[in-house]
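Here is how the chains run, residue by residue.
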Amino acid sequence: MLNLEKFGISHRFDATLNNASHLFIYYFNNNLYLQKINAMNSLRSLIETAWENRSLLDENTTKNAIRKIVDLLDKGDLRVAEPTTDGWQVNEWVKKAVVMYFTIQTMETIEVGPFEFHDKIPLKTGYAEKGIRVVPHAVARHGAYISKGTILMPSYVNIGAYVDEGTMVDTW
């Protein structure tokens, strides 16, 4: 069996590829993987350019790219730092996008019951649907990934965090 999971291809098949459906799946998945890599490279290039030329933060293309990166962080599809076989890799371009996110966002008042926040980053929502337990006084910002099966005790989870399944966050 040929295992291409490290390339984002989850289908396993005989290495001979003698089956036409396996061949189709291979090329289809490989094409999707290459599209994803190209999209990430485009985002990275745009962020690096905007980091050096902040006037680009006025352009919708740049703002949309920054917001896309924050959305990918929020879903856990992208990480600020990630484990590799050689240790932890910090994705500096993603950190730059997070910093620039603060610049392009406007201050908004957020009311949650008796609490009021005035901030540039919205709070996470939809915990029940995601299978996340959140006790009172736990706060997480949009752009932080929190996996199902996580418990947030009174705590604060900032943008860019990656909280994996089965974790309890308790900072008090």
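Note: the structure precedes this text.
What counts, and at which threshold
Residues numbered from 1 in each chain as written. Predicted model: local features only at pLDDT ≥ 70, side-chain atom pairs only at ≥ 80, totals over all residues. Heavy atoms only, no water. Helix = DSSP H or I, 4+ residues; strand = E, 2+ residues; numbered from the N terminus. Expected span 1.5 Å × (residues − 1). Buried < 20%, exposed > 50% of the residue type's maximum accessible area, 1.4 Å probe, protein only. Pairing = 2+ DSSP bridges. Salt bridge = Lys/Arg side-chain N within 4 Å of Asp/Glu carboxyl O.

J.: Teacher, can you tell me more about helix H2 (residues 60-75) here?
T.: Since the α-helix packs 3.6 residues into each turn, any two residues three or four apart lie on the same face. Compared with the 22 Å implied by 1.5 Å per residue over 16 residues, the 22 Å span of H2 between its first and last C-alpha is a close match. Thr-62, Ala-65, Ile-66, Ile-69, Val-70, Leu-72, Leu-73 and Asp-74 are the residues of H2 that are buried. Positive phi shows up at Gly-76, right after H2, with a value of about 80°.

J.: I tried to follow the pairing of strand E3 (residues 108-112) on my own but got confused; where do I start?
T.: Walk down a regular strand and you will see the side chains alternate between the two sheet faces. Sheet analysis places E3 next to strand E4 (residues 115-119), joined by five bridges and oriented antiparallel. Of the residues in E4, the one forming a bridge with Ile-110 is Phe-117. Here E3 hands over to E4 after two residues, with Gly-113 in that stretch at a positive phi of 55°.

J.: Just to check I follow, could you spell out the pattern of salt bridges for this structure?
T.: Tallied over the full model, the rule gives four salt bridges. Asp-119 is paired through a salt bridge with Arg-141; the nearest N and O atoms lie 2.7 Å apart. Residue Asp-119 is located in strand E4, and its partner Arg-141 is located in the loop between strand E6 (138-140) and strand E7 (145-146); the two are separated by 22 residues in the primary sequence. For Arg-141, a relative accessible area of 10% translates into the label buried.

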